[in-house]
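Commentary on secondary and tertiary structure
Listed here are the chains, written in short residue letters.
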Amino acid sequence: MSQATASETTDEGVIESVSGPVVTATDLGARMNDVVYVGEEGLMGEVIEIEGNITTIQVYEETSDVAPGEPVENTGEPLSVDLGPGMLDSIYDGVQRPLDVLEEKMGAFLDRGVDAPGIDLEKTWEFNPDVEVGDEVTPGDVVGIVPETESIDHKVLVPPGYEGGAVAAVESGSFTVDEAVVELENGEEIAMRQEWPVREPRPTVEKETPTTPLISGQRILDGLFPIAKGGTAAIPGPFGSGKTVTQHQLAKWADADIVVYVGCGERGNEMTEVIEDFPELEDPKTGKPLMSRTCLIANTSNMPVAARESCVYTGITIAEYYRDMGYDVALMADSTSRWAEAMREISSRLEEMPGEEGYPAYLAARLSEFYERAGKFQNLNGSEGSISAIGAVSPPGGDFSEPVTQNTLRIVKCFWALDADLAERRHFPSINWNESYSLYTEQLDPWWRENVDEEYPEVRQWAVDVLDEESELQEIVQLVGKDALPDDQQLTLEVARYIREGWLQQNAFHDVDTYCEPEKTYLMLTAIQHFNEEAFEALEAGVPVEEIVDVEAIPRLNRMNTQEDYEAYIEELKDDVAEQLRERY
Amino acid sequence: MQKEYKTITEISGPLVFADIDEPVGYDEMVEIETPNGDVRRGQVLESTSEFVAIQVFEGTSGIDRDSSVRFLGETLQMPLTEELLGRVLSGSGEPIDGGPEIEPDEEREIVGAAINPTAREYPQEFIQTGVSAIDGMNTLIRGQKLPIFSGSGLPHNDLALQIARQASVPEEEQEGEEGSEFAVIFGAMGITQEEANEFMDDFERTGALERSVVFMNLADDPAVERTVTPRMALTTAEYLAFEEDYHVLVILTDMTNYCEALREIGAAREEVPGRRGYPGYMYTDLAQLYERAGRIEGREGSVTQIPILTMPGDDDTHPIPDLTGYITEGQIYIDRDLNSQGIEPPVNVLPSLSRLMDDGIGEGFTREDHADVSDQAYAAYAEGEDLRDLVNIVGREALSELDNKYLDFADAFEEEFVQQGHDTNRSVDETLDIGWELLSGLPKEALNRIDEDLIEEYYVEDESEEVAQTAD
């Protein structure tokens, strides 16, 4: 970086060579990671390597027709995002340009060289002060509230870099994001907008151990493999196994205050689905539109690769900003493999020495830096906030031994393994219960005992045991057939089948089944456990297994999921099962 | 800036390196004239202030260091007009059907900009292909990209042709809307002359040629040309769809040849290779092709893509099918075993998938029972398929009655539902009725994926009633 000061370098350089998204320039006075504007059209780029007088730049836009000799201009600033009211209900590209504004400016196709601020600089917001003249404030403190959307109050914070001190003047009323609303005695002015470099975590006091689950309304996740608010999870799976549906379900139903959804190198039509669906969906808790708590970042696979590399940072920085206000934020990144591949692509254009499978040697470091920015934190202003990070991983050929999956697993504490075989039989969500795990189960058990049922952890353990036993028995069945097993084992297989089909399976496209509250998750499982007990009693009393499984009420266990009035249904079902089984002996 | 250089320093595979003294734009078009007067076209792959690397579309043989290099000052453009319909062009867009020169209404860069996700319209309109395995189980939607994963020697071309021939939007036809017309764009990359003849004969026989634009890059044409063929085809498709309101079906065959060409160029540039020697940017490159399918809000037309690829060694973890599967919205598998059993088309529905299906079927699109029937058939077929392994060991007698029914279902599913022949065009109602007929071989209690009301309505109770059902 110090080379920059040596010769007669200026803020303007000249392009030396162009190869895809990588451009080199000479005579440019720049620091690492400075944002620069490249060529006559002013394409946005970032400095990624400095060697002698030559600066290497990754360009966030298509570089066709850019020629050596054209100018490069340095802004002197690292890649930053605008933080302030107006981010919720927005949809951004990988460098926080609002896509709807870009559409107005250049039509249906994304042209290049067009810039737009991340938040509307013209719009005015209602600022309600939370401090009075004379109050002492320090960085991170809340100085006022702005009603941002129907469901979220945006808190205006003293930016982390400020000195702080006594408040000299406070405004109240409508302001644009750049007008000063609070003035401090030392001359510092606080506006609703602040900037933050995306590659740098925002400061906090400390990281705490998370103890509350992030309820997703998905039975297999809440019930078997829960994630904590402030936890990290990975969803790896081959194509077609339902990663994106799972991510969408989480984004829709997770009980976080704020959801940041990063579509990183994924399909255009899928992003459109999110954009069209979310505004129509209601938050199950508040009844407000889901979009009013959601910020979308869409960098589809055909958008420039360098912007794909930056979009996860843009996402997590926005998430950190809302965490600083004391909110629980859930961040979904779909998919982190595309992000890793973008790193690989740029690394190979730089002719860096490749690590495993061509990925750069710093892959593991970047992944862990990203996931470490998640967690439950005590903020500078004393409030508590959390970021739960859930990353989809797309392993080539569905092979979990590849570098991105492996390096991710070393960091995250929840592993939801998607299984192509389950997807083929249309068992959704196709999360494999034998391979998946959650390391949060124990620290979350107290919450379940207190809020759902004292017995819950025991019932869950029972289900896990039955499923384990089933997978062992299945190996024998493969060899000798089901009928060769003793009666009690045949019955266990039958019980396990209802756990799989009636409880683990969940239809994301069914109005009722798409979201399952924790109480229902628990009650459904108790109904199957109840059937298990009754059936084994019948078996002991001498009823043959064929007759037990033939009982008319039992298949209704598979229809509990779609019942809106589930409590009554399950009560009645339990009674019927018991009654009809007891009739046989 | 038609400056002419005679400064070629290196010729290597499909690449030519030349020294320059005036800057040249990245991606700019180049003409190289050999001493005997041949003109080759190429494109700038890397541009520095001292030299450029040029990839030559028509091959480098015959180029020597005395050849002259001209930079045309513009990137590769595709001449566009509605008159392209009915024409046959070379892989780089020159007419090869003996017809007149193309008089374009407009010229566009073939690279194509990304569609802004907020400007897209979510694809929801069902396309009836007349093929049960697709319509019933993996429905194709307008604006979707649904590749066919095949292997060498399998009849993927017949399936593609069948789809091109039969594709229709039943609703629009019923309502008698003027609507938009279908157009087919056929981009052939490195296919053999024989395959090309098969396509052309079929197009001519069925009269489909007049609503088609054909781009032909044959197996013996230069490999580098293949990297521009799909871009030419898609630029034409976007023009016809979004300017002239056509519903365009783009068939690209064979994507494997396209990727081989990418690898060849990457190797010649001495790039650091990714998996199996394919360039590290292949995902981005393929995405830039496949993502050009879709619909745009406020425009009538649509671009639907059916890329065909032959999986080397029938291995779907090979980088080409693998990366494709992560970008496209599902895939249709052609299966070697089914093919040898004589099933036409030999579509293996289990690994096949259409991601856009859920939103384009059901009441108002196809029929209310569509989703449930397809789910149930999937589950039952998977069950039967599993039991087949077991039967080989223990025999049918050792299995329960229900298991035997699943086995029968799996057989019938292949022989009656998937099997239909390349010339049969089934409506979606017929497809679903066949589905019910087969599912009714299973007891009602086993149909746990189907809503009870639908079972009441459609379940075929026994032989005598079955006749009544199919009659109406």
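For the structure, see preceding data.
An account of the accompanying structure is given in this report.

Definitions and limits used
Residues numbered from 1 in each chain as written. Chains lettered and ligands numbered in written order. Predicted model: local features only at pLDDT ≥ 70, side-chain atom pairs only at ≥ 80, totals over all residues. Heavy atoms only, no water. Helix = DSSP H or I, 4+ residues; strand = E, 2+ residues; numbered from the N terminus. Rg over C-alpha atoms; globule rule 2.2 N^0.38 Å. Buried < 20%, exposed > 50% of the residue type's maximum accessible area, 1.4 Å probe, protein only. Contact = heavy atoms within 4.5 Å. Areas by Shrake-Rupley, 256 points an atom, 1.4 Å probe, with all protein chains shown as cover. Lys, Arg positive; Asp, Glu negative; His and termini not counted. Charge placed at Lys NZ, Arg CZ, Asp CG, Glu CD. Axes fitted to C-alpha atoms, helices over the stretch in contact; angles between N-to-C directions. Parallel < 35°, antiparallel > 145°, perpendicular 65-115°, else oblique. Left-handed = near helix turned anticlockwise from the far one by under 90°. Nonpolar A, V, L, I, M, F, W, Y, C, P; charged D, E, K, R; others polar. Pairing = 2+ DSSP bridges.

Describing the overall build of chain A
Helix and strand content of chain A: 16 helices and 26 strands. Over its C-alpha trace chain A gives a radius of gyration of 27 Å, about what one expects of a compact globule, namely 25 Å for 585 residues. If you line up chain A on its principal axes, its C-alpha atoms span 95 × 55 × 40 Å. The buried share among the 585 residues of chain A stands at 62%. When contacts within chain A are restricted to residue pairs at least 6 apart in sequence, long-range pairs at least 24 apart make up 69% of them. Counting only carbon and sulfur atoms, one obtains 45% of the accessible surface of chain A, whose full area is about 21,000 Å². In chain A, which carries 41 positive and 118 negative side-chain charges, the distance between the mean positions of the two groups comes to 4 Å.

Quick word on the packing of helix α2 (residues 156–166) of chain B against helix α4 (residues 193–205) of chain B
Residues and elements named next belong to chain B. Contact geometry of α2 with α4 gives a least axis separation of 11 Å together with a crossing angle of 20°. Our classification of the angle between α2 and α4 gives roughly parallel. The two elements α2 and α4 meet at a crossing, and its hand is right-handed. Taking contact as the criterion, the partners of Asn157, Asp158, Leu161 and Arg165 in α2 are, on α4, Glu195, Glu198, Phe199, Asp202, Phe203 and Arg205. Classifying every residue of the contact of α2 with α4 by side-chain character gives three nonpolar, one polar and six charged.

Side note on the sheet that holds strand β17 (residues 247–253) of chain B
All names here are of chain B. Reading across the sheet, the eight strands line up as β9-β16-β15-β17-β19-β14-β20-β21 and stay open at both edges, with mixed pairing between neighbours. Looking at strand neighbours, the two that pair on one side only are β9 (88–90) and β21 (347–354), the edges of this open sheet. On average, each strand axis in the sheet is inclined to that of its neighbour by 15°, with strand direction left out of account. Where β17 lies against strand β19 (residues 302–310), seven bridges are found, and the strand directions are parallel. Residue pairing across strands places Ile251 opposite Ile306, the latter belonging to β19.

Some points on the pairing of strand β9 (residues 124–129) of chain A
Residue and element names in this part refer to chain A. Relative to strand β14 (residues 173–176), β9 runs antiparallel, the two sharing four bridges. Residue pairing for β14: Phe127 is matched across the bridge by Gly173. Where β9 meets strand β11 (residues 142–147), two bridges bridge the pair, whose relative direction is antiparallel. Paired with Asn128 across the strands is Ile145, a residue of β11.

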